[in-house]
Amino acid sequence: MSIFLELGQRPDEPGPPISGPVSYEPAVAARLTDDAARIIARYPQGRSALLPLLHLVQAEDGCVTTAGTAFCAERLGLTDAEVTAVATFYSMYRRTPTGDYLVGVCTNTLCAIMGGDEILDALQDHLGIPAGQTTADGRVTLEHIECNAACDYAPVVMVNWEFFDNQTPASARDLVDSLSAGTPAAPTRGAPLCTFRDTARTLAGLADQRAVTTPGGTGDATLAGLRVARANGMSAPDPASTEGEGRQPDPEITEAADSTTDEPAPAPTEGVPAKPVDGPAP
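Let us look at the structure shown here. All values derive from a computational prediction rather than experimental measurement.

Conventions and cut-offs
Residues numbered from 1 in each chain as written. Predicted model: local features only at pLDDT ≥ 70, side-chain atom pairs only at ≥ 80, totals over all residues. Heavy atoms only, no water. Helix = DSSP H or I, 4+ residues; strand = E, 2+ residues; numbered from the N terminus. Buried < 20%, exposed > 50% of the residue type's maximum accessible area, 1.4 Å probe, protein only. Contact = heavy atoms within 4.5 Å. Areas by Shrake-Rupley, 256 points an atom, 1.4 Å probe, with all protein chains shown as cover. Phe/Tyr/Trp six-rings, centres within 6.5 Å; stacked < 30°, edge-to-face > 60°. Lys NZ or Arg CZ within 6 Å of the ring centre and 35° of its normal. Salt bridge = Lys/Arg side-chain N within 4 Å of Asp/Glu carboxyl O. Pairing = 2+ DSSP bridges. Axes fitted to C-alpha atoms, helices over the stretch in contact; angles between N-to-C directions. Right-handed = clockwise from strand over helix to strand, strands pointing away.

**With respect to the overall build of the chain**
1) Next: Each helix and strand counted, the chain has 9 helices and 4 strands in total.
2) Next: Listed by position from the N terminus, the elements making up the chain come as α-α-α-α-β-α-β-β-β-α-α-α-α.
3) Next: Counting all 282 residues of the chain, 33% fall into the buried class.
4) Next: The contacts in the chain between residues at least 6 apart in sequence include a share of 64% that link residues at least 24 apart.
5) Next: Carbon and sulfur atoms form 56% of the exposed surface of the chain, whose accessible area is close to 17,300 Å².

**Examining the packing of aromatic side chains**
1) Next: One pass over the full model with this rule turns up 3 aromatic pairs.
2) Next: Relative to Y90, the ring of F89 lies with its centre 4.9 Å away and its plane at 85°, an arrangement referred to as edge-to-face.
3) Next: Overall, F89 belongs to the exposed group, its relative accessible area being 63%.
4) Next: For Y90, a relative accessible area of 34% translates into the label partly exposed.
5) Next: On the numbers, 6.4 Å between centres and 85° between planes, the contact of Y90 with Y93 is edge-to-face.
6) Next: Judged by relative accessible area, Y93 falls into the buried class, the value being 3%.
7) Next: The cationic tip of R189 hangs over the ring face of F163; the distance from NZ or CZ to the ring centre is 4.0 Å.

**What to know about the pattern of salt bridges**
1) Next: On inspection of all chains with the given rule, the structure shows 7 salt bridges.
2) Next: Here R31 and E60 are joined by a salt bridge, their closest N and O atoms 2.9 Å apart. Placement of R31 in helix α1 (residues 26-40) and of E60 in helix α2 (residues 50-61) is noted, with a sequence separation of 29 residues between them.
3) Next: Of the charged contacts, one joins R38 and D35 as a salt bridge, the two residues approaching to 3.2 Å between their closest N and O atoms. Taken together, the residues R38 and D35, both in helix α1 and 3 residues apart, mark about one turn of the helix.
4) Next: D35 sits in the buried class, given a relative accessible area of 7%.
5) Next: Each of D35, R38 and R201 takes part in one network of salt bridges that share partners.

**Topic: the sheet that holds strand β3 (residues 157-159)**
1) Next: Read from one edge to the other, the open sheet built from 4 strands follows the order β2-β1-β3-β4, with strand pairing classed as mixed. This sheet does not close on itself; its edge strands, each paired only once, are β2 (140-145) and β4 (162-164). The mean angle between the axes of side-by-side strands here comes to 25°, regardless of whether they run parallel or antiparallel.
2) Next: With 3 bridges connecting them, β3 and β4 associate as antiparallel partners. Looking across to β4, one finds that V159 is bridged to E162.

**Some thoughts on the pairing of strand β1 (residues 101-106)**
1) Next: Most of β1 sits out of view: 6 of its 6 residues are buried.
2) Next: The two faces of β1 match: Y101, V103 and V105 on one face and L102, G104 and C106 on the other face are all buried.
3) Next: Sheet analysis places β1 next to β2, joined by 6 bridges and oriented parallel. Paired with V103 across the bridge in β2 is L142.
4) Next: With helix α5 (residues 109-127) bridging β1 and the parallel β2, this β-α-β connection has right-handed handedness.
5) Next: With 3 bridges connecting them, β1 and β3 associate as antiparallel partners. The residue bridging G104 from the neighbouring strand is M158, located in β3.

Here it is as structure tokens:
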């Protein structure tokens, strides 16, 4: 029996994993080099700065481009392939040009059953684009997103990673209309909205001059579990009273594991053939 495994990007992914311009203009490269030096200096090992550097180049192009991966690789002494592997692993790095406002609708389980699917459908119809694309004016990019740990305020819409809680199809349509008009509404919590590229610079670790203007503190829904616990006389144990009470290892199990540490792996058995039945060994 032979098995054919095709590697590479999914068939539905457009173009190569990373595309776009292959180099920066000298003035742009010089400016990015100064920013990158400030970021890299914060880490004891330069390559630890790769994630923020990818945000930096994403801020320049609105997505990660070939020029961006080459820039990161050169700054950190990595290969283009190593940088590309990281940039294509994390969904927070965009590979196609992104609008001023990245609108993400959570469609994970709780948000979906609370109306997230309906919100996504409504926005696709209202904007005239499917999820994953950008409006013709370059203002809004729509996408469905995974859980953003705000289930207590489901269904949640995020704009450039700022929360808009307890949304409905109508409120979500009003939200994208304000974005398209250039008068973005205030998030439910956090800092005022800025463009996607400015958000990427903040995520790169560069100074964010915006002040938090929305109400602070913990929301009522977040505290619901705590109220139930208190009403039922429930509380977490005092850490000091449980110190040293963790499960101790079984000496016999530990000794048996140690005795086999340097032994070779077992040979193939009847249930695990040494090579495929019909075909050469891999």
